[in-house]
Amino acid sequence: MAREEINSMTEDEIRRDFTAQGWPAFRARQVYQWLHRGAEDFERMTDQSKVIRQLLAQKYYISVASIEKKLVSQYDNTMKYLFRFADGEMVESVLMQYHHGYTICISTQVGCKMGCTFCATGQSGFSRNLTPAEMLAQIQAAQRDSGQRISNIVLMGMGEPLDNYENVLRFLELVSSEHGLNIGMRHISLSTCGVVDKIYDLADRRLQLTLSVSLHAPNDGIRSQTMPVNRRWGVDELLKACRYYSEQTHRRISFEYAMISGVNDSDACARELAGKLRGTLSHINLIPVNQVTGTGYHSASVERQRAFIRILEKSGLTATVRRTLGSDINASCGQLRRRRQEEVTGL
Ligand code: SAH
Ligand code: SF4
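Residues numbered from 1 in each chain as written. Chains lettered and ligands numbered in written order. Predicted model: local features only at pLDDT ≥ 70, side-chain atom pairs only at ≥ 80, totals over all residues. Heavy atoms only, no water.

Caption draft 1: Examining the overall build of the protein chain more closely. From N to C terminus, the protein chain includes 12 helices and 14 strands. The C-alpha radius of gyration of the protein chain comes to 21 Å, within 12% of the 20 Å expected for a compact globule of 347 residues. Across its three principal axes, the protein chain shows a C-alpha extent of roughly 70 × 50 × 35 Å. Looking at the protein chain residue by residue over its 347 residues, the buried ones come to 55%. Taking as baseline every contact in the protein chain between residues at least 6 positions apart, the subset at least 24 positions apart corresponds to 67%. By element, 48% of the accessible surface of the protein chain is carried by carbon and sulfur atoms, the whole surface being about 15300 Å². On the protein chain, the mean spot of the 43 positive side-chain charges and the mean spot of the 38 negative ones are 3 Å from each other. (Helix = DSSP H or I, 4+ residues; strand = E, 2+ residues; numbered from the N terminus. Rg over C-alpha atoms; globule rule 2.2 N^0.38 Å. Buried < 20%, exposed > 50% of the residue type's maximum accessible area, 1.4 Å probe, protein only. Contact = heavy atoms within 4.5 Å. Areas by Shrake-Rupley, 256 points an atom, 1.4 Å probe, with all protein chains shown as cover. Lys, Arg positive; Asp, Glu negative; His and termini not counted. Charge placed at Lys NZ, Arg CZ, Asp CG, Glu CD.)

If you want it as structure tokens, here you go:
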């Protein structure tokens, strides 16, 4: 019989499973707590009898993330990890220190299907979805390695979280559970390229999650060129879904806008964006686009960024240029894995 991934199961599911096998129900909480404190092996669960530990290992397995590579920024201690899973697939996570504590940016898929033209992850294609346990394992491994307690999570690493929706929802349930890491939804952000049907579904669940939307263009002409998802759901349809999200949750939407020189950084773009976002509970994060080999894109100049912000602010919107942490190691997410693939395959 195939073993089950126990660290993707809820405490209730583990309890039901244990009870069905005639094991004491109270063991479920103990085992759940071990798993969420980062136990990578049933042998570590020293309050369980040897027989139970053996039975657990026969019926279940624990997914772990092992550190393949780690880069530490010399400027601000930001840490970038390349993690490897049991089947050899790899993803990136970034641990950042802010004044309010440690935030981790985790991946939700190995690669991505969405094919945004500026993105290193999008360029290396899609391999597979991560399980809820593999999302948790990134946090646990970073916590263990750094010795720091992580208080905030952003789903902004490799992959499109709303394209791995069921697993992401389950991850959210596990990571916020009382006997798990207990990180509340208000401390979690989810970034999407704009999978509109799932934004509606998420809105109806009324989780207190921060939704971050990668907009990157004010109109379909530009957006469809750089983000293929826009050919399915255009800018107006996406913004309508965003307004629904903030009506349902009373949460401000964070719009990401990577400024690419000569593509989306003109005054006209700023004015059009301001017009589109008027009346939406929003904050705009301008990001200088990270240079990705082969894209031919360059970041907009600082003067352009300032001019862009002035226009948005004049229209009553709030916007900031995102502080870049770990700029010396911040080859944009996806690049570390791509480089490793190139080393291995000799490409
Ligand atoms: N798939 C999700 C989350 C992962 S991408 C999404 O697209 O939102 C995380 C963020 O990095 C997104 O805002 C994405 O648009 C941005 N990004 C990707 N490549 C980038 C680059 N080269 N420079 C700056 N931001 C980039
Ligand atoms: Fe995928 Fe996000 Fe990269 Fe687009 S920006 S390819 S959605 S990871």
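Caption draft 2: Structural view of the packing of aromatic side chains. In this structure the tally under the stated criterion is five aromatic pairs. For the pair Tyr200 and Tyr244, a centre-to-centre distance of 5.2 Å together with 50° between the ring planes defines the contact as tilted. Linking Tyr200 in helix α7 (residues 196–205) with Tyr244 in helix α9 (residues 235–249), this pair joins segments that are 44 residues apart in sequence. Since its relative accessible area comes to 25%, Tyr244 is described here as partly exposed. Site record: aromatic cluster; members linked through ring pairs are Phe18, Trp23 and Tyr60. For Arg37, the ring lying beneath its charged end belongs to Trp34, and the centroid distance is 5.4 Å. (Phe/Tyr/Trp six-rings, centres within 6.5 Å; stacked < 30°, edge-to-face > 60°. Lys NZ or Arg CZ within 6 Å of the ring centre and 35° of its normal.)

Caption draft 3: Spotlight on the site of ligand 2. As a matter of local geometry, ligand 2 sits amid Cys112, Met114, Gly115, Cys116, Cys119, Gly122, Gly159, Glu160 and Cys193. Looking at the shell around ligand 2 residue by residue, the classes come out as five nonpolar, three polar and one charged. (Near = heavy atom within 4 Å. Nonpolar A, V, L, I, M, F, W, Y, C, P; charged D, E, K, R; others polar.)

Caption draft 4: Looking closely at α9. The terminal C-alpha atoms of α9 lie 21 Å apart, and with 15 residues this matches the ideal 21 Å at 1.5 Å per residue to within 8%. All buried positions along α9 are accounted for by Val235, Leu238, Leu239, Ala241, Cys242, Tyr245, Ser246, Gln248 and Thr249. Of the residues flanking the end of α9, it is His250, one or two places downstream, whose phi is positive at about 60°. (Expected span 1.5 Å × (residues − 1).)

Caption draft 5: Representation of the nonpolar core within the structure. Ranked by internal contacts, the top residues of the largest apolar core, which has 100 residues, are Ile6, Leu56, Ile153, Phe171 and Ile284. Sorting elements by how many residues they give to this core places helix α6 (residues 165–175) first, with seven residues. In this structure, this core is formed jointly by two domains, domain 1 (4–61) and domain 2 (66–345), each of which donates at least three residues. Here Phe171 is in contact with Ile106, Pro132, Met135, Leu136, Ile139, Ile153 and Leu155, once residues within four sequence places are set aside. (Core = buried A, V, L, I, M, F, W, Y, C linked by side-chain atoms within 4.5 Å. Domains from an automatic or database assignment.)

Caption draft 6: Just the site of ligand 1, in detail. Lining the immediate environment of ligand 1, one finds 16 residues, of which Phe118, Ser191, Ser214, His216 and Asn290 sit closest. Ser191 is positioned with one of its side-chain polar atoms (N or O) 2.7 Å from an oxygen atom of ligand 1. Contact with the protein chains hides 89% of the accessible area of ligand 1, taken as 520 Å² for the molecule alone. Partitioning the shell around ligand 1 into residue classes produces six nonpolar, eight polar and two charged. (Polar contact = N/O pair within 3.5 Å; in protein donor to acceptor, adjacent residues only side chain to side chain.)

Caption draft 7: Region of the structure containing the domain arrangement of the protein chain. What the domain assignment reports for the protein chain is domain 1 (4–61) and domain 2 (66–345). Summarising the inter-unit geometry, the C-alpha centres of domain 1 and domain 2 are found 34 Å apart. The interface is formed by 14 residues belonging to domain 1 together with 14 residues belonging to domain 2. Both faces combined, the contact of domain 1 with domain 2 buries some 1200 Å², and carbon together with sulfur accounts for 45% of it. Where domain 1 touches domain 2, the interface holds two salt bridges. Put simply, Arg170 and Glu13 hold a salt bridge, and the shortest N to O gap is 2.7 Å. The set of elements that each furnish at least two residues to the side of domain 1 that touches domain 2 consists of α1 (11–20) and α2 (26–36). (Buried area = accessible area lost by both parts, 1.4 Å probe. Salt bridge = Lys/Arg side-chain N within 4 Å of Asp/Glu carboxyl O.)

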